Amino acid sequence: MRWMSALAAALRASLPTRSAAPQAARCGACRAFRNDPLYIERQTPGLHVMSSGFAAIRADDGICSVHSRYLPAQAVCERFQARITVVHRRVR
Amino acid sequence: MSTPAQTVSGAQPEPITPRIAAGAWYRTEDSWAIALGVGLVTAAVLALVNGSSIKWLAVTPQKWSSPDQLGRQFSANAGRYLALFVLWISLFGLSTRALGIRTLQFLPSFALLFAVSAAIIGLGAWEQADRYNLEPPLVALAAGLLISNTIGLPRWLDAGFRVEYYVKTGIVLLGATLPLTLIVSAGPVAIVQAALVSLTTFGVIYGVATRLGLDRRLAATLGAGGAVCGVSAAIAVAGAVGAKKEHGPIAITIVIFWAIVMIFVLPLVARALQLPTGVAGAWIGTSEFADAAGFAAAQSYGGYAGHVPGISGSADAAVNAFTLMKVIGRDLWIGIWAFVLSIVAVSRWESTGVRSPTSVWEIWRRFPKFVIGFVITSAIISILTSAYSVADFNKVLKPDLVNPIKSLRTWAFTFCFLSIGLTTRWRDLASAGSRPFLAFTSGVIVNVLLGFLLSVIVFGNYWAALGSP
């Protein structure tokens, strides 16, 4: 019965609510995460033979190089590292 | 989808690769397949309403008995073929550019694809083609496999071999030839049959895989690949459960292997048993693993109708039954599979250090949205045809509207079948390992037998009637 209560708790948690994790701290914003379709096709041999990196069912999943896992962009973990955009300044 | 970024002025430069918004609507082939398919059907309807037709453009080779005849056909219709080529390359070229595929690579690749497809469709129109089993889908697949695994083609040519895009465009066009009433009436039977087979197949693969000691996330990825919609289901569930990076490619290798085997085996066995086209289509829809592969098998079998003694039903019945079973019965539910498995992964399986979302939005996020286009084109033509009598339908709508759309569909599917062969390079696929292969193969055996039982014996009369005139 324990697994049923765990499943019920997970189902309750699945109802759309405001997430505790801020958008900026999710995998989609992490520097270790990549989900562009052509990259996913290169990293996943055979994907483009009978499916595609551009398929809607793939949603925005991507590859995390820290965990070596294929994850949704909304996932969260404790090893989040914000992506850095470099601003090049003119040197005088 | 925009991604938030932290700006650090003067930070040390680091290699940052461009990140493409994977989830935006214009970044999915589904959206473009809907746009192209619905756009072409709408154009065909508007032409008809204005007293014209797109049949001049939707050209395919007619029956021929000598190479000279075929040559004369091509030269007499050169302008039409050129116009069709310009239409396809413009539509696919612009849309793949929006997807982020290099146009300079796509254009020559597609030109090659079109030329070889024309030759294959032409070969299929040979009067003796049935005698030598030269069904265009099988020829396209075999030719592609032979080329890619022997002489090989430059990798950059893959830019134009977009299997999934072509099959989705073909399915949206197919909707125009499948009445909405048939989808509504046959849908529940397809869903019940597919649900029985999908749940059993998943259970067998998952059960055998975990007993063989495989990771549960790999077991679920393999199970979804065998039970739902092949490679697409495997990659969707791999993401939903947070599988290891190598799990997806393992499942994909095995799915591709069995899908290609089944393209040849299922029509062959069905032919030996002389199954009616509707029944064979339902069986293929239940037991084939990928949409593109299944359409190749179903279209091949449909080609036997009226040509191979003992096989009853119409050519369309095989494709229609397959579509109902595969698209409506199985593909549609991938979001629910992913949602349920994501909950199980979070609540029951060992932690991975990553917390994946378990929202009900998962169902919509992973919904195969091209199906919306399939329903829209079906609705457009169903509404239009409801105003016509059967006699007027056969006299006006069939030659001026339905048949040209079917011709465009034939082209889209041929691009797809040829692309499967041209992109399947066995040496490039991930090594699957014996245990995953054994687990998946157990599911294949159960799936094929149960699919046969339900399609031929339990619902046999129903699927056979689908092909009756």
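Residues numbered from 1 in each chain as written. Chains lettered and ligands numbered in written order. Predicted model: local features only at pLDDT ≥ 70, side-chain atom pairs only at ≥ 80, totals over all residues.

**Q** How should the overall build of chain B be read in this particular structure?
**A** The number of helices and strands found in chain B is 19 helices and 2 strands. Relative to the 2.2 N^0.38 estimate, which gives 23 Å for 469 residues, the radius of gyration of chain B is 22 Å and therefore close to what a compact globule would have. With the principal axes as the frame, chain B shows a C-alpha extent of 65 × 60 × 50 Å. Evaluated residue by residue, chain B yields a buried proportion of 51% over its 469 residues. When contacts within chain B are restricted to residue pairs at least 6 apart in sequence, long-range pairs at least 24 apart make up 80% of them. (Helix = DSSP H or I, 4+ residues; strand = E, 2+ residues; numbered from the N terminus. Rg over C-alpha atoms; globule rule 2.2 N^0.38 Å. Buried ≥ 20, exposed ≤ 12 C-beta atoms within 10 Å, placed from the backbone. Contact = placed C-beta atoms within 7 Å.)

**Q** Can you walk me through the packing of helix α7 (residues 180-211) of chain B against helix α18 (residues 434-458) of chain B in this structure?
**A** Residue and element names in this part refer to chain B. Between α7 and α18, the shortest axis-to-axis distance is 8 Å and the interhelical angle comes to 155 degrees. Put simply, α7 runs roughly antiparallel to α18. Along this stretch, α7 crosses α18, giving a crossing that reads as right-handed. Along its contact with α7, which presents Q193, L196, V197, T200, T201, V204, I205, V208 and A209, the element α18 presents P436, L438, A439, F440, S442, G443, V446, N447, L450, G451 and L454. The residue makeup of the contact of α7 with α18, split by class, is 13 nonpolar, 7 polar and no charged. (Axes fitted to C-alpha atoms, helices over the stretch in contact; angles between N-to-C directions. Parallel < 35°, antiparallel > 145°, perpendicular 65-115°, else oblique. Left-handed = near helix turned anticlockwise from the far one by under 90°. Nonpolar A, V, L, I, M, F, W, Y, C, P; charged D, E, K, R; others polar.)

**Q** Please clarify how the sheet that holds strand β1 (residues 33-34) of chain A should be interpreted in this entry.
**A** Whether parallel or antiparallel, the strands of a sheet pair through hydrogen bonds between backbone atoms. Residue and element names in this part refer to chain A. The antiparallel open sheet is built from 3 strands, whose spatial order is β1-β2-β3. Of all the strands in the sheet, just β1 and β3 (69-71) have a single pairing partner and so form its edges. Pairing between strand β2 (residues 62-64) and β3: 3 bridges, direction antiparallel. Counted as the bridge partner of I63 is Y70 from β3. (Pairing = 2+ DSSP bridges.)

**Q** When you look at the environment of L438(B) in this model, what are you seeing that I'm missing?
**A** Residues and elements named next belong to chain B. Locating L438 in the fold gives a position in helix α18. Of the residues examined, L438 has 14 C-beta atoms within 10 Å and is grouped as partly exposed. Note: C-alpha distance between L438 and V208 (230 residues apart in sequence) is 8.2 Å. The residues contacting L438, other than those within four sequence positions of it, are V208 and L212.

**Q** Whenever I open this one, the nonpolar core confuses me. Can you help?
**A** Nonpolar side chains in soluble globular proteins tend to end up buried together. Counting residues in each nonpolar core, the largest one holds 162 residues, and the members touching the most others are V237(B), V255(B), A259(B) and A293(B). Among the elements that take part in this core, helix α10 (residues 247-272) of chain B stands out by supplying 14 residues, more than any other. Excluding residues that lie within four positions of it along the chain, A293(B) makes contacts with M50(A), A259(B), I260(B), M262(B), I263(B), E288(B) and I420(B). (Core = buried A, V, L, I, M, F, W, Y, C linked by C-beta atoms within 7 Å.)

**Q** Just checking my understanding: could you explain α18(B) for this structure?
**A** Residue pairs three or four apart in sequence face the same way in an α-helix, which turns once every 3.6 residues. Residues and elements named next belong to chain B. Spanning 25 residues, α18 covers 34 Å between terminal C-alpha atoms, matching the ideal 36 Å at 1.5 Å per step. Among the residues making up α18, those that are buried are P436, A439, F440, G443, V444, N447, V448, G451, F452, L454 and S455. Tucked into the core, α18 has its buried residues touching α7, α8 (216-227), α10, α11 (277-287) and α19 (460-466). (Expected span 1.5 Å × (residues − 1).)

**Q** Please explain unusual backbone geometry as it appears in this structure.
**A** Generally, phi is negative for residues other than glycine and the peptide bonds are trans, each holding for most cases. Despite not being glycine, S68(A) has its phi angle at roughly 55 degrees, a positive value. Structurally, S68(A) can be placed in the loop between β2 and β3.

**Q** Is there a simple way to explain the packing of α7(B) against helix α16 (residues 370-385) of chain B in this structure?
**A** Helices that pack against each other are described as a pair by the angle of their axes relative to one another and the distance between those axes. Residue and element names in this part refer to chain B. At a minimum axis separation of 8 Å, α7 and α16 run at an interaxial angle of 120 degrees. Between α7 and α16, the angle falls in the class oblique. Across the interface between the two elements, L180, T181 and I183 from α7 touch S378, A379 and S382 from α16. In terms of residue class, the contact of α7 with α16 is made up of 3 nonpolar, 3 polar and no charged.

**Q** Would you mind going over α11(B) with me for this structure?
**A** Residues and elements named next belong to chain B. With 11 of 11 residues buried, α11 lies mostly within the body of the structure. Listed in full, the buried residues belonging to α11 are T277, G278, V279, A280, G281, A282, W283, I284, G285, T286 and S287. Tucked inside the fold, the buried residues of α11 contact α7, α10, α12 (291-302), α13 (315-328), α18 and α19.

**Q** So what exactly am I meant to see when it comes to the confidence of the model for chain B here?
**A** All names here are of chain B. Averaged over every residue, the pLDDT of chain B is 91; residues scoring 70 or more account for 94%. Per-residue pLDDT stays below 50 along residues 1-20; that stretch engages in 35 contacts with residues further than four places along the chain or on separate chains. Note on the complex model: pTM 0.89, ipTM 0.88. (pLDDT = per-residue confidence, 0-100.)

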